[in-house]
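# Observations on the three-dimensional arrangement
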Amino acid sequence: MKYKKRVIDDLLDDYLKAMGGVLIEGPKASGKTTTGRHHSGSELLLSSAATRIEAKQLLALEPRLLLSGTTPRLFDEWQVLPELWDEVRTEIDARGKFGQFILTGSAVPADRENIFHSGTGRFARLTLRSMTLWESGDSPGGVSLRELFDGTKDVAALNSLSVEDVAFAACRGGWPQLISRTDDNALEYARQYVEAVVNNDVSRVDGVKRDPERVRKILRLYARNLGSQTATASLLKDLADETNTSFAESTLRIYLKALREIFVIEDMPAWKPNLRSRTAIRTADTRYFSDPSVAAAALDIGPRDLLRDPKTFGFVFENLCVRDLRVYADSLRGKAFHYRDKNGLECDVVLHRRDGSYALIEIKLGGQEAIERAAATLSKLADKIDAGRMAAPSFLMVLTAVGRFAYRRPDGIFVVPIGCLQP
């Protein structure tokens, strides 16, 4: 099968030229193995039980035989054999060359006591998320974030995605196995993904057995709080009200930590800019799943349900946009943040690059009234930035689900359907 190019491919190539090894992490089924194999010269796939047994024996007897092979050498699902980490790190030091190893993993190692060295100076880290709409081919793109950061003002693109298309894409998710699938059977994948998380993955991460029904209810509760900074204590109260059972806050935190370590949930940190006033900035993370389909599956809803419930659709759509923007931010050497202050002024996403440039982005399903409100919010936040202490934003954008065109408003704010966005 022909390899489908991913946004992180160029970044992975750059890291292999600069570091001895690259660690690719991310959710199960996001394509880490496929991407790792595309860039490697030899491989050892530790997802095979027989291979794991042989590899463990060889690691104890003669680790260099395990590490030999055409470079970059791929170790897939390395976390099931955590002792491998230090052997790879030692070999990188011994060889003194770049681009020697690629490690992929869909969970943080359960047994971290056997890892002595952090890997600092030897490994670069990459997150491979599920496919963006541009990667999967659902969207042709047309509006490049890179070009907007470079200063282009000419934006004109035609959106080919209907609101029904966006609802379906959100519920199907960006799983590589499903690209080009438009039938309702594709929606079952996310439901089974959640079942695997509930019944197996969340316990396997550290070997601690967890109650599947509790996990299921936590996922559902998380889905109902998408895009919010709801405190853990508030989540705990809602959980207790729904289950009529006691649930310690420490226990909930442990469950959430396990879900993070298998890359099911991925919260967004707060942005802390220099402002003209002394406005207090809220620092709580915003709650999201790694892929919007997990939220839809946790709520047991499909595209038609989203179309009938614009409020829920708005939050699931926001999760879809956040996933895509995170992928694009990585390729631009940046990160995605959110902003909220004590006065209630919010910005859904701030793309902040390593060079200090940044963009402010509001996410709305669509409609002129919603776009106007979003534009007003962006302008208000941009005016609060202390231009003497940090640069002005490179651009302001309203990202929508619907709309026939991407365009630049007279006030300079870009209005871009998600079906037109690319890195």
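Here is a short report on the structure shown in this document.

## Description of the nonpolar core
Counting residues in hydrophobic clusters, the biggest one holds 84 residues, and the most contacted among them are L219, L259, F289, M397 and L399. By residue number, the principal contributor to this core is helix α15 (residues 310-331), which donates 10 residues. When residues no more than four places from it in sequence are discounted, the contact partners of L219 are V194, V197, V198, L259, V264, F289 and A298. Grouped together as the second largest cluster of nonpolar side chains are 21 residues, C347, V350, M390 and L396 included.

## Topic: the packing of helix α9 (residues 188-204) against helix α10 (residues 212-224)
The N-to-C vectors of α9 and α10 enclose an angle of 135°; their axes lie 9 Å apart at closest approach. The angle between the axes of α9 and α10 places the two elements in the oblique class. Crossing angle aside, the handedness with which α9 passes α10 is right-handed. Where α9 abuts α10, its residues V194, E195, V197, V198, N199 and V202 lie against P212, V215, R216 and L219. Here the residues of the contact of α9 with α10 are counted per class, giving seven nonpolar, one polar and two charged.

## Digging into the side chain of Q422
Mapped onto the elements of the fold, Q422 is located in strand β14 (residues 421-422). Within the local environment of Q422, its side chain forms a polar contact with the backbone nitrogen of G142, the two atoms lying 2.9 Å apart. Those residues in contact with Q422 that sit more than four places away from it in its chain are W134, P140, G141, G142, V143, S144, L145 and Y328.

## Focus on the sheet that holds strand β10 (residues 358-364)
Strand pairing in a sheet is mediated by backbone hydrogen bonds. Such pairs are either parallel or antiparallel. Read from one edge to the other, the open sheet built from seven strands follows the order β7-β12-β13-β11-β10-β9-β8, with strand pairing classed as mixed. This sheet does not close on itself; its edge strands, each paired only once, are β7 (157-158) and β8 (334-340). Sheet topology places β10 next to strand β11 (residues 395-400); six bridges connect them, and they run parallel. Looking across to β11, one finds that E362 is bridged to V398. On the sheet, α15 packs against β8, β9 (346-353), β10 and β11 and is oriented at approximately 160° with respect to β10.

## Considerations on the pairing of strand β13 (residues 414-417)
On a regular strand, one side chain projects to one face of the sheet and the next to the other, so that they alternate. Here β13 shows no split at all, with F414 and V416 on one side and V415 and P417 on the other all buried. Summarising the sheet, β11 and β13 pair through four bridges and their orientation is parallel. Residue M397 lies in a different strand from β13, and its bridge partner there is F414. Bridge count for strand β12 (residues 405-408) against β13 is two bridges, and the pairing is antiparallel. Within β13, the residue paired with Y407 across the bridge is V415.

## Things to note about the packing of aromatic side chains
Counted by the stated rule, this structure contains 10 aromatic pairs. An angle of 20° between the planes, with centres 4.2 Å apart, marks the rings of W85 and F123 as stacked. In this pair, W85 sits in helix α5 (residues 84-95) while F123 sits in strand β5 (residues 123-127), placing the two residues 38 residues apart along the sequence. Here R210 stacks its cationic end above the ring of Y255, 5.7 Å away from the centre of that ring.

## Quick look at the pattern of salt bridges
The full count for this structure, using the stated rule, is 34 salt bridges. Residue E372 pairs with R409 through a salt bridge whose shortest N-O separation is 3.1 Å. Here E372 is found in helix α16 (residues 368-384), whereas its partner R409 is found in the loop between β12 and β13, with 37 residues between them in sequence. Given a relative accessible area of 13%, R409 falls into the buried group. For D411, the salt bridge is made with R409, and the minimal N-O distance between the two is 2.8 Å.

The rules we used
- Residues numbered from 1 in each chain as written.
- Predicted model: local features only at pLDDT ≥ 70, side-chain atom pairs only at ≥ 80, totals over all residues.
- Heavy atoms only, no water.
- Core = buried A, V, L, I, M, F, W, Y, C linked by side-chain atoms within 4.5 Å.
- Buried < 20%, exposed > 50% of the residue type's maximum accessible area, 1.4 Å probe, protein only.
- Helix = DSSP H or I, 4+ residues; strand = E, 2+ residues; numbered from the N terminus.
- Contact = heavy atoms within 4.5 Å.
- Axes fitted to C-alpha atoms, helices over the stretch in contact; angles between N-to-C directions.
- Parallel < 35°, antiparallel > 145°, perpendicular 65-115°, else oblique.
- Left-handed = near helix turned anticlockwise from the far one by under 90°.
- Nonpolar A, V, L, I, M, F, W, Y, C, P; charged D, E, K, R; others polar.
- Polar contact = N/O pair within 3.5 Å; in protein donor to acceptor, adjacent residues only side chain to side chain.
- Pairing = 2+ DSSP bridges.
- Phe/Tyr/Trp six-rings, centres within 6.5 Å; stacked < 30°, edge-to-face > 60°.
- Lys NZ or Arg CZ within 6 Å of the ring centre and 35° of its normal.
- Salt bridge = Lys/Arg side-chain N within 4 Å of Asp/Glu carboxyl O.

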